[in-house]
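Here is how the chains run, residue by residue.
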Number of protein chains: 2
Amino acid sequence: MTNSSPATIEDVARIAEVSIATVSRAIHTPEKVANSTRLKVNQAIAITGYTTNAMARSLRLGRSNMILVVAPDIGDPNFSSILVGLENEARSHGYGVLIGHTQNEPQRGLEYLKFLNSNQAAGMILFTGILPFGHQSMTARLPPSVGVFEPVFNGGIPYVGVDDVAGARKAIDLLIAEGHRRIAFIGDSRTRLAFSRRREGYEEGLAAAGIPQSARIILEGDGTIESGRLALEQLFMRDTLPTAFMCVNDQTAIGVMLGLTARGYDIPRDFSVTGFDDVPQATFINPTLTTLRQPRTAIGRQAMALLLQLLANEHPDETEFLLMPDLIVRNSVSRPRSGK
Amino acid sequence: MTNSSPATIEDVARIAEVSIATVSRAIHTPEKVANSTRLKVNQAIAITGYTTNAMARSLRLGRSNMILVVAPDIGDPNFSSILVGLENEARSHGYGVLIGHTQNEPQRGLEYLKFLNSNQAAGMILFTGILPFGHQSMTARLPPSVGVFEPVFNGGIPYVGVDDVAGARKAIDLLIAEGHRRIAFIGDSRTRLAFSRRREGYEEGLAAAGIPQSARIILEGDGTIESGRLALEQLFMRDTLPTAFMCVNDQTAIGVMLGLTARGYDIPRDFSVTGFDDVPQATFINPTLTTLRQPRTAIGRQAMALLLQLLANEHPDETEFLLMPDLIVRNSVSRPRSGK
DNA sequence: TTGAAAGCGCTAACAC
DNA sequence: GTGTTAGCGCTTTCAA
């Protein structure tokens with residue numbers, strides 16, 4: 001039990017009465033070390049409380065054992081459970097996870113680019129649909145990277161996400177099965193692929209049910225609560241109201257529900273609402289929200305597994321890995337009021 | 001513009017036609033380098049796109065430039081804005097921030113302990129009231145550390161938080177000023193100091209208003225939405241109901257409001273409710289929640305500033321740094337119904 | 001199966 | 001004001 005500065009490989013070697021090379025081998029390639037020697041080394045490690053100095057190791061190896069996870073906003077309710085998957089997978093392969101949040105500011109992104117360039121991370125997981133690094137990203141050498149949720153536009157980077165089209169299809173099919181015909185899609189976006197894919201699912205579902213083009217009601221949004229509210233206001237200025245709102249995500253749905261409630265309507269009696277994501281609030285809002293659950297932990301796990309593959313120089317053929325979201329039926333959907 | 005492996009200090013030195021020592025000095029102690037030389041070096045850095053290899057630097061210096069932030073749950077709505085303060089302060093002093101989340105599992109804590117022992121972080125910010133490392137933390141050398149929100153019980157670690165007593169006092173004084181006399185405190189906890197301090201503020205306020213001990217209604221909770229609901233159910237099984245609920249935090253308040261609404265009551269007509277923290281949801285819930293705003297960014301900034309002081313071997317006398325929360329008056333409080 | 005030694009990229013003491 | 005050099009702790013040839 002040394003007490004001053006942390007034990008080094010040399011301390012272990014001295015106590016075990018072997019060379020530092022043997023200690024290193026006993027740790028990383030134990031099969032290349034005689035049983036008796038390995039035992040001595042292990043004892044010495046226990047005595048000293050030795051842990052490998054990751055700096056020195058990374059310097060020597062030319063790569064670190066950290067993965068940088070870049071997210072625009074770690075307050076995002078989706079984020080933390082995905083992180084669990086990411087971390088568990090990384091950890092079980094000897095990697096640590098480092099979280100960078102850019103707050104949607106390119107300036108912050110550049111800091112991380114510097115970080116990457118100084119070799120402090122072996123790979124990168126991106127939570128954003130674009131490389132958050134501005135123009136410099138073009139000239140810089142990026143480490144192996146994997147996107148989560150959305151493809152990374154300017155990178156040719158593989159990604160793991162959810163099958164948005166199929167998921168949206170589940171929602172729209174439910175609404176149609178309940179008898180809805182005039183269903184609005186709230187939250188279309190040209191800049192967010194996930195959102196426009198969900199709109200695709202909406203259109204596919206309507207088409208499959210033989211509902212004419214003219215009955216489609218599509219409003220744009222950016223996925224915030226506020227955008228849901230706003231879209232609702234716009235809708236109420238038209239003459240034909242839908243009987244159901246299929247929202248691009250839960251935040252939007254919450255905005256719509258808040259707006260509807262404020263106008264004195266009852267959900268689901270007067271209007272049905274669906275979301276997408278299954279954020280924690282979905283179970284607390286009144287009525288509880290029917291939505292699609294993102295397989296978050298699985299997404300995280302698979303994204304990290306993919307990155308580790310890349311790091312091992314195995315390049316899979318596919319560039320898009322989609323998992324299936326589950327439809328979670330709660331209380332925000334019912335049959336439309338007869339006559340409407 | 002080199003293209004293969006990242007430029008090293010040697011590349012820069014060669015191009016600038018100086019020694020590597022001069023390059024290092026030009027970067028870290030520019031005043032010790034002749035203007036003309038510095039210029040050449042800067043040009044060479046620009047040409048090569050050189051960034052210091054943080055691994056090598058840390059190894060040489062014997063300390064890293066990363067600060068580990070350990071949080072039990074990064075999904076906590078308080079967390080991300082505090083992180084902003086932490087990060088900005090750290091970054092402006094050349095430190096990076098690394099986030100570790102323990103998910104309240106001691107096992108995870110141990111991983112971070114190993115991380116610290118391998119010298120990968122120079123210091124630590126703790127978001128939890130206890131060292132999340134189990135028994136081993138006793139024997140291990142911990143780096144300079146600072147707590148956020150709550151003192152760290154088993155460490156003698158200074159912390160930056162909010163003045164919970166004074167904050168709670170603001171809430172209770174408001175309720176009393178509105179005319180409430182029977183006010184319940186929801187969310188007392190023996191294990192969370194911040195919570196019991198808020199209860200202290202509650203008691204102080206009642207005492208100052210001359211409200212007798214017997215009128216105190218105190219229920220326990222763990223600060224979750226569910227705990228708020230639960231406490232409410234318990235209260236409704238008693239015969240004397242309060243006219244106002246002073247909740248230990250916003251989550252609890254939301255639980256109480258949800259429960260009240262579910263029972264058909266109107267807030268604030270039938271009951272007033274206050275929270276603590278000012279989470280984002282406080283503005284979206286209906287009615288909007290009167291609460292105390294944590295000066296989050298300031299807390300983060302100050303905590304990191306304190307840690308940087310420690311890292312510079314300056315040890316302040318105080319061990320507790322409290323900032324004042326602001327009372328944010330919204331719509332969940334009104335005068336009690338006459339006759340109640 | 002083990003040891004000696006080179007060297008990853010950097011900083012700082014020392015010499016000039 | 002600048003260069004030379006030792007060495008941070010580690011992994012990995014190369015020899016034995």
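Here is what the cut-offs are and how they apply
Residues numbered from 1 in each chain as written. Chains lettered and ligands numbered in written order. Predicted model: local features only at pLDDT ≥ 70, side-chain atom pairs only at ≥ 80, totals over all residues. Heavy atoms only, no water. Least-squares fit on C-alpha atoms with pLDDT ≥ 70 in both. Core = buried A, V, L, I, M, F, W, Y, C linked by side-chain atoms within 4.5 Å. Buried < 20%, exposed > 50% of the residue type's maximum accessible area, 1.4 Å probe, protein only. Contact = heavy atoms within 4.5 Å. Buried area = accessible area lost by both parts, 1.4 Å probe. Salt bridge = Lys/Arg side-chain N within 4 Å of Asp/Glu carboxyl O. Axes fitted to C-alpha atoms, helices over the stretch in contact; angles between N-to-C directions. Helix = DSSP H or I, 4+ residues; strand = E, 2+ residues; numbered from the N terminus. Parallel < 35°, antiparallel > 145°, perpendicular 65-115°, else oblique. Left-handed = near helix turned anticlockwise from the far one by under 90°. Nonpolar A, V, L, I, M, F, W, Y, C, P; charged D, E, K, R; others polar. Near = heavy atom within 4 Å. Polar contact = N/O pair within 3.5 Å; in protein donor to acceptor, adjacent residues only side chain to side chain.

In the nomenclature of an unreviewed UniProt entry, chain A corresponds to LacI family DNA-binding transcriptional regulator from the organism Rhizobium alvei.

J.: Can you walk me through the relation of the copies chain A and chain B in this structure?
T.: One copy of the chain maps onto the other through a rotation about an axis followed by a shift along the same axis. Expressed as a screw transformation, the operator carrying chain A onto chain B has a rotation angle of 180° and an axial translation of 0.0 Å, and the superposed copies differ by an RMSD of 0.2 Å. What the rotation and shift describe, once combined, is the action of a two-fold rotation axis.

J.: Teacher, can you tell me more about the nonpolar core here?
T.: Generally speaking, a soluble globular protein has its nonpolar side chains buried in company with each other. Ranked by internal contacts, the top residues of the largest apolar core, which has 98 residues, are A:Ile125, A:Phe127, B:Ile125 and B:Phe127. Residue contacts for A:Phe127: discarding those within four places in its chain leaves A:Val69, A:Val70, A:Ala71, A:Pro72, A:Phe79, A:Ile82, A:Leu86, A:Val148 and A:Phe149.

J.: When you look at the interface of chain A and chain B in this model, what are you seeing that I'm missing?
T.: Interfaces are frequently sized by the accessible area removed from exposure as the parts join. Contacts between chain A and chain B engage 45 residues on the former and 44 residues on the latter. At the boundary of chain A with chain B, total buried surface from both sides reaches about 3900 Å², with 61% on carbon and sulfur atoms. Taken as a group, A:Met55, A:Arg91 and A:Phe284 account for 17% of the area that chain A buries against chain B, more than any other trio of residues on that side. Between chain A and chain B we count 1 salt bridge in total. Here A:Arg91 ties to B:Glu111 by a salt bridge, and the two come within 3.8 Å at their closest N and O atoms.

J.: Would you mind going over the packing of helix α1 (residues 9–16) of chain A against helix α3 (residues 35–48) of chain A with me for this structure?
T.: The relative placement of two packed helices comes down to the angle between their axes together with the axis-to-axis distance. Residue and element names in this part refer to chain A. Two elements in contact, α1 and α3, have axes whose closest approach is 8 Å; the angle formed by their N-to-C orientations is 125°. It follows from the interaxial angle that α1 and α3 lie oblique. In this structure, α1 meets α3 at a crossing whose hand is right-handed. For the pair formed by α1 and α3, the contact residues are Asp11, Val12, Ile15 and Ala16 on the first element and Lys40, Val41, Ala44, Ile45, Ile47 and Thr48 on the second. For the contact of α1 with α3, the per-class residue count stands at 7 nonpolar, 1 polar and 2 charged.

J.: Before we go on, may I ask you to explain the protein's contact with DNA strand D in this structure?
T.: Neighbouring residues of DNA strand D: 25 residues in total, closest A:Ile9, A:His28, A:Tyr50, A:Arg60 and B:Thr37. The sugar-phosphate backbone supplies 62% of the atoms of DNA strand D found within 4 Å of the protein. Separating a phosphate oxygen of DNA strand D from a backbone N or O atom of A:Ile9 is a distance of 2.4 Å. Of all elements in the fold, only α2 (20–28) and α4 (54–61) of chain A together with α2 (20–28) and α4 (54–61) of chain B reach the threshold of two or more residues within the surface near DNA strand D. With 5 residues, α2(A) is the largest single contributor of residues to the surface near DNA strand D.

J.: Help me out: how do you make sense of the side chain of B:Asp270 in this one?
T.: All names here are of chain B. Here Asp270 is to be found in the loop between α11 (250–262) and β9 (272–274). By relative accessible area, Asp270 is classed as buried at 5%. A distance of 2.7 Å separates polar atoms of two side chains, one belonging to Asp270 and the other to Arg337.

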